[in-house]
Amino acid sequence: MGFTCGIVGLPNVGKSTLFNALTSTMQAEAANYPFCTIEPNVGRVAVPDERLDRIAQLAQSAKVVPTQLDFADIAGLVRGASKGEGLGNQFLSHIREVDAIIHVVRCFEDTNVTHVENRIDPIADAETVETELLLADLDSLEKRLDGVVKKARGNDAEAKARLVLIERIVALLKEGEPARAATIGPNEHKLFRELQLLTAKPVLFVCNVDEASAATGNAHTQRFLPWAATRGARTVIICAAIEAEVAQITDPAERQEFLAAIGLVETGLSQIIREGYGLLDLVTFFTAGPKESRAWTVHKGALAPEAAGAVHTDFERGFIRAETISYRDFIECAGENGARNAGKMRSEGKTYVVTDGDVLLFRFNV
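These lines cover the structure that appears in this document, whether it is placed above or below.

Criteria and cut-off values
- Residues numbered from 1 in each chain as written.
- Predicted model: local features only at pLDDT ≥ 70, side-chain atom pairs only at ≥ 80, totals over all residues.
- Heavy atoms only, no water.
- Salt bridge = Lys/Arg side-chain N within 4 Å of Asp/Glu carboxyl O.
- Helix = DSSP H or I, 4+ residues; strand = E, 2+ residues; numbered from the N terminus.
- Buried < 20%, exposed > 50% of the residue type's maximum accessible area, 1.4 Å probe, protein only.
- Pairing = 2+ DSSP bridges.
- Axes fitted to C-alpha atoms, helices over the stretch in contact; angles between N-to-C directions.

Our next topic: the pattern of salt bridges. Inspection of every chain in the model, using the stated rule, returns 23 salt bridges. Of the charged contacts in the structure, one is a salt bridge between Asp125 and Arg119, with a shortest N-O distance of 2.3 Å. Several salt bridges converge on common partners, so that one network encompasses Glu158, Arg162, Lys190 and Glu194.

Spelled out as C-alpha cells, the structure:
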C-alpha cells in the first residue's frame, strides 16, 4: 500500500531543495528559474519510528524495515494555472494523483532568488495556489453538471445523490472554501472520493525560512501561522538549505551535533514526514520475529483482515485471527513470549479495528 505526498507551491520557494533533502538525492534540479521541474520526481523515504527499533531489539531481529512514504516534487504553479498558464493543466493533473499536499511557502528574503510575483508574502502565495486549485475544482464540477442532471431526471438514484453533493460543493467553492471544508454524510464518502477534487486533499504548510530563522521562525512565519490555523491546517517551519546540508551528514552523532549547534532538536524533515503520515490519517502496526521486524501502514479504522492484506494478499483471503499485543505490553513484557506468559496476547477476529502500535501475528489458512 503506497501513499504519496505532493510537494507544491509557487516557483522558487524551495520545493526541489526540500525534495532533494527528503530523499537525500539530487534527482530534482534546484535551479533559480520557474518550471525547472517538468515531470514530478518521486522519492520514497522511511518514516522515523523509535518504537520499531525497540521492538526489533527485543525480538532480536536480523533486519529492520520501516514503513515508507512517497514524496512527489511537482513543478511550481503560477497565477492562471487553472486556465493552463505556466503548464498549469499538466501540473494540476500531477497534483490530482497524490494523496496529500505538502504546500511550501517562501518565508525568506534573498535578492539572489527571484520571486515569480516580485514580493515576499507567504499568505498571498498560499492564497494564489489555493485559488488555482479551487478554480480547477469548480471548472471540473461545472463541466460534469449537465450529464449528472440528465441522469438524475431519469430517476437514477446514484445520480440524484451525486447531484446533491456536487451542488453543495460548488456553492462552497464559490464562497472561496475548499472542498475539504464540506460536511460529508456517511453515505456520501464514496461519491466524494470519486469526484477527485484537488481541494479535498489534506494540506500541510511548510514555511521555508532563512538559516538564521530555522529554530525560531521570523516575521513572515509569525504572520503566516495564525492564518494557516484559521484554515485548520498544520504548519512546519524549516530551512530547506540547512536540511539539504544535514541530509549529507551520514554519521548520526555528527548530525545531532550539527543540529544542536543551530538550536534544533530534530530535523525539519522528520517533522514533515511525521506530519505527512498523520495528514493521511494512517496508523502503524508491527510484525516482529528473529528474521525481521517491520512497520506496516493502514488507514485509521482498518479491520484486522485488511491489515493482514497489507502484509500479503493470502493473509487477508485466508484470515483466521490476529494474535495481538499492544506496543506498551510488548515492551513492558520484554517481547512476545513475555507478553504471552503474562496473558497480554489477545486473539482478535475479523471485526477487530487495528490500533496504532499493535504488534500482530496473523493466523490464516489458504
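On we go.
The next thing to look at is the environment of Val354. Within the fold, Val354 resides in the loop between strand 11 (346–348) and strand 12 (359–364). On the accessibility criterion, Val354 (4% relative accessible area) is buried. Distance from Val354 to Ala304, taken between C-alpha atoms, is 5.9 Å for residues 50 residues apart in sequence.

Reading across from one edge, 2-4-1-5-6-7 is the order of the 6 strands in this open sheet, with mixed pairing throughout. Here the strands that pair on one side only, and so sit at the sheet edges, are strand 2 (41–46) and strand 7 (234–238). Across the sheet, the axes of successive neighbouring strands diverge by a mean angle of 25°, strand direction being ignored. Summarising the sheet, strand 1 (residues 4–8) and strand 5 (residues 100–107) pair through 4 bridges and their orientation is parallel.

Functional significance is not addressed by these values, which are geometric in nature.
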